[in-house]
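# Examining the three-dimensional arrangement
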Amino acid sequence: MNFKDKVVYQIYPKSFQDSNGDGLGDIRGIIEKLDYLQDLGVDYIWSTPFFISPQKDNGYDVADYYNIDLRFGTMKDLEELIAEAEKRGIGLMFDMVFNHTSTEHEWFQKALAGDKAYQDYYIFKEGTPDKLPTNWISKFGGPAWQYVENLGKWYLHLFDVTQADLNWENPKVREELKEILRFWKKKGVKGFRFDVVNLISKPEVFEDDFEGDGRRFYTDGRHVHEFLQELAEDAGITDMITVGEMSSTSIENCVRYSNPAAGELSMCFNFHHLKVDYKDGQKWELMNPDYKALNQLYQEWQLGMQKNDGWNAVFWCNHDQPRIVSRLGDDQNYWKESAKMLATSIHMLRGTPYIYQGEEIGMTNASYTDISQYRDIESLNYYQILLEEGKTKEEALKILGARSRDNSRTPMQWDDSEYAGFTTGTPWIHSPENYKVINVKNQMEDENSIHQYYKELIALRKKNKAVSEGEIAFIDTENDQIFAYKRVCEGHEIAVVCNWKNTACEQKLDGTYHVLLGNYAKTGQEICGSIRLRPYECYVIER
Ligand code: GLC
């Protein structure tokens, strides 16, 4: 089974819709909005985790994989969500955080109480408090190890100290995880997203990293392909849509993860294209985007995956990334144009597109001015680290303003009423002021809206096989302002031309085309010879 003509919509339940006025989004809130999602035309909803969790990392710290956190609702609500979604032709994808559990998980608690069998579920190393097992750095800052006094042992946490890494080398752990997947499949869940799943296989020997933060020892690790293949097969999920979140991965590995013959996953997320504005690869160092690098990355990944039958999940936004219209677009002067162009640039690529809640209405970064407005554990940690490094408060806030994960976690902007129609209570996190203009209600009344444009992009994938199945080839590969490619299927050809920047430019064409979709041009319009692209202009054209 392939998922080439499908589109996935990502929901961050905490910020999507609050049905009971407690300021937190919930499952009933999602049910209320299913008609909205059906109208948009999406096939699947991937929801980030709503399992029982202390919420130190907003649910990515799972304490019980079989039960729903009461803050989000009950099992009955969930069953209703699955059934109601299905009635509308939408499948639910659950987020499986299997690299680590919360330290509040029963397994970890038993380990702490001295149970050796459960200590073997995690990565514990004997030692003394003065000597870390390795010098690895956690992804959220600080050392990746925590000492447990009464055990005389350290445990590994690649993320927060409350997120202990599981030991996948232990077959019992793998059995437990398969059982969780079987349970949810039986409940009617149609697919899974696997959190940081290329980090699950740790090295045999743990050693210091004198070149980096340790990631080269556990990224795409020695048994990762075997583990994923075994998981998919034994849990019976090979016919379901599955996507792996891959941290700092390679094309070669992603081909293996997503090649249908390997039976591991249906597709992969990688993040290389979202580092083109990191100075020296550092998330917390600002830099203008390098479009040449961006174009090159797309070429390498699209062609590399195509060559060996790999499949991409294509996306700009998720709950960990700042809003794309504020990042690569211009959310002040070319808000609509740049949001539509950015959508076009990826929706026509070879891969399954993912839309993150609010992206379809051009939601922007949060524009917070004070650290008290932030909630994310990574942002709060790095704010302190930046100050310790000697940055002023203003500098640190400017960096957070561009890079914090909270930029995408602000409430979904439904209308212009108080709190954007997200809640009748006090929201757990605040909206940017622009919700009065940027909201679903306004866009439903505008036939030229960003929302309408997303609907058209989705519809185009469904009716045009070149979009879903076509071979990709790039045009004008040295350009750093224009991003252009062709998709060809059974002799039918479309081309996509996007202007990344706010200045005009020109692109030569090799014949006569007509416009299928554009953010300035009218559908049906004929063009030949060359096109002049206005700021952030984009075209999808057909021979
Ligand atoms: C993934 C999630 C992120 C989480 C991390 C640890 O990157 O998307 O939100 O913090 O994994 O689970």
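The structure reproduced in this document is the subject of the present report. (Residues numbered from 1 in each chain as written. Predicted model: local features only at pLDDT ≥ 70, side-chain atom pairs only at ≥ 80, totals over all residues. Heavy atoms only, no water.)

## Some thoughts on the sheet that holds strand 7 (residues 124-126)
In spatial order, the strands read 7-9-8; together these three strands make up an open sheet with antiparallel pairing. Two strands bound the open sheet, and with one partner strand each, they are strand 7 and strand 8 (145-148). Pairwise comparison of adjacent strand axes, ignoring direction, gives a mean angle of 30° for this sheet. Pairing analysis gives four bridges linking strand 8 to strand 9 (residues 153-156), with the strands arranged antiparallel. Its bridge partner lying in strand 9, tryptophan 145 is registered against leucine 156. (Pairing = 2+ DSSP bridges. Helix = DSSP H or I, 4+ residues; strand = E, 2+ residues; numbered from the N terminus. Axes fitted to C-alpha atoms, helices over the stretch in contact; angles between N-to-C directions.)

## Brief notes about the site of the ligand
By nearness alone, 14 residues border the ligand, and Asp57, His100, Asp195, His319 and Asp320 come closest of all. Note that an oxygen atom of the ligand is positioned 2.9 Å from one of the side-chain N or O atoms of glutamate 245. Histidine 319 is positioned such that a nitrogen or oxygen atom in its side chain is 2.8 Å from an oxygen atom of the ligand. Protein contact buries 96% of the 310 Å² of open area that the ligand shows by itself. A class-by-class count of the residues in the shell around the ligand yields four nonpolar, three polar and seven charged. Counting residues domain by domain, the shell around the ligand receives three or more from each of domain 1 (8-100 + 171-453) and domain 2 (106-165). (Near = heavy atom within 4 Å. Polar contact = N/O pair within 3.5 Å; in protein donor to acceptor, adjacent residues only side chain to side chain. Areas by Shrake-Rupley, 256 points an atom, 1.4 Å probe, with all protein chains shown as cover. Nonpolar A, V, L, I, M, F, W, Y, C, P; charged D, E, K, R; others polar. Domains from an automatic or database assignment.)

## Structural notes on the packing of helix 13 (residues 377-388) against helix 14 (residues 393-403)
Interaxial distance between helix 13 and helix 14 falls to 9 Å at its minimum, and their mutual angle equals 145°. The two elements helix 13 and helix 14 meet at a crossing, and its hand is right-handed. Of the residues in helix 14, those in contact with Ser379, Tyr383, Leu386 and Leu387 of helix 13 are Lys393, Ala396, Leu397, Ile399 and Leu400. Split into classes, the residues belonging to the contact of helix 13 with helix 14 amount to seven nonpolar, one polar and one charged. (Left-handed = near helix turned anticlockwise from the far one by under 90°. Contact = heavy atoms within 4.5 Å.)

## Concerning helix 8 (residues 224-235)
The terminal C-alpha atoms of helix 8 lie 16 Å apart, and with 12 residues this matches the ideal 16 Å at 1.5 Å per residue to within 8%. Where helix 8 is concerned, the buried positions are Val224, His225, Phe227, Leu228, Leu231, Ala232 and Ala235. Down the axis of helix 8, the buried set is contained in an arc of 165°. They therefore lie on one face. Those residues of helix 8 that are buried lie in contact with helix 6 (171-186), strand 11 (191-194) and helix 9 (251-258). Positive phi appears at glycine 236, one or two residues downstream of helix 8, with a value of about 70°. (Expected span 1.5 Å × (residues − 1). Buried < 20%, exposed > 50% of the residue type's maximum accessible area, 1.4 Å probe, protein only. Arc of directions from axis to C-beta.)

## Brief notes about the state of the cysteines
What the rule picks out here adds up to zero disulfides. Here cysteine 254 is not cross-linked by a disulfide; its sulfur's nearest cysteine counterpart is in cysteine 268, at 3.9 Å. In this model cysteine 505 remains outside any disulfide bridge; the closest cysteine sulfur is found in cysteine 498, 10 Å from its own. Classification of cysteine 505 as buried rests on a relative accessible area of 12%. (Disulfide = S-S within 2.5 Å.)

## A word on the side chain of histidine 225
Relative to the helices and strands, histidine 225 resides in helix 8. Given the relative accessible area of 8%, histidine 225 is considered buried. Among all residues touching histidine 225, those that are not within four sequence positions of it are Asn253, Arg256, Tyr257 and Glu264.

## Digging into the sheet that holds strand 2 (residues 44-47)
The strand order 13-12-11-5-2-1-17-16 describes an open sheet built from eight strands, whose pairing is parallel. The open sheet terminates on both sides in strands that have one partner only, identified here as strand 13 (267-269) and strand 16 (313-314). In the sheet, strand 11 pairs with strand 12 (residues 241-245) via four bridges, with the strands oriented parallel. Pairing of arginine 193 across the sheet is with valine 243, part of strand 12.

## Quick look at helix 16 (residues 450-463)
Taking 1.5 Å per residue as the helical rise, helix 16 with its 14 residues ought to reach 20 Å, and the 20 Å between its terminal C-alpha atoms agrees with that figure. Within the span of helix 16, buried status applies to Ile450, His451, Tyr453, Tyr454, Leu457, Ile458, Leu460 and Arg461.

## Details of the packing of aromatic side chains
Here the structure, examined in full by the defined rule, presents 46 aromatic pairs. When the centroid spacing of 5.3 Å and the interplanar angle of 85° are considered together, the rings of phenylalanine 50 and phenylalanine 94 count as edge-to-face. Of the two residues, phenylalanine 50 is situated in the loop between strand 2 and strand 3 (51-52) and phenylalanine 94 in strand 5 (residues 91-96); the sequence distance between them amounts to 44 residues. Pair check on accessibility: phenylalanine 50 and phenylalanine 94 agree, each one buried. (Phe/Tyr/Trp six-rings, centres within 6.5 Å; stacked < 30°, edge-to-face > 60°.)

## Let's talk about the pattern of salt bridges
Taken as a whole and judged by the stated rule, the model has 45 salt bridges. Across the pair lysine 87 and glutamate 84 runs a salt bridge whose closest N-O atoms are separated by 2.7 Å. A residue pair is termed a helical-turn pair when its members lie 3 or 4 positions apart in one helix, as lysine 87 and glutamate 84 do in helix 3 (residues 75-87) at three residues. Judged by its relative accessible area of 18%, glutamate 84 falls in the buried class. Here glutamate 204 and arginine 222 are joined by a salt bridge, their closest N and O atoms 3.7 Å apart. Here the residue glutamate 204 occupies a position in the loop between strand 11 and helix 7 (215-218), and arginine 222 occupies one in the loop between helix 7 and helix 8, the gap between them amounting to 18 residues. Residue glutamate 204 is classed as exposed on the basis of its relative accessible area of 65%. Among the residues examined, arginine 222 registers a relative accessible area of 41% and is labelled partly exposed. Residues joined in a network through salt bridges with shared partners are Asp57, Lys283, Asp320, Asp376, Glu378, Arg405 and Arg409. (Salt bridge = Lys/Arg side-chain N within 4 Å of Asp/Glu carboxyl O.)

## Some thoughts on unusual backbone geometry
A positive phi angle, near 55°, is found at serine 367, a position not held by glycine. As for its position among the elements, serine 367 is in the loop between strand 17 (352-356) and helix 13. Judged by its relative accessible area of 57%, serine 367 is exposed. Its identity as a non-glycine residue notwithstanding, tyrosine 536 has a phi of 55°, on the positive side.

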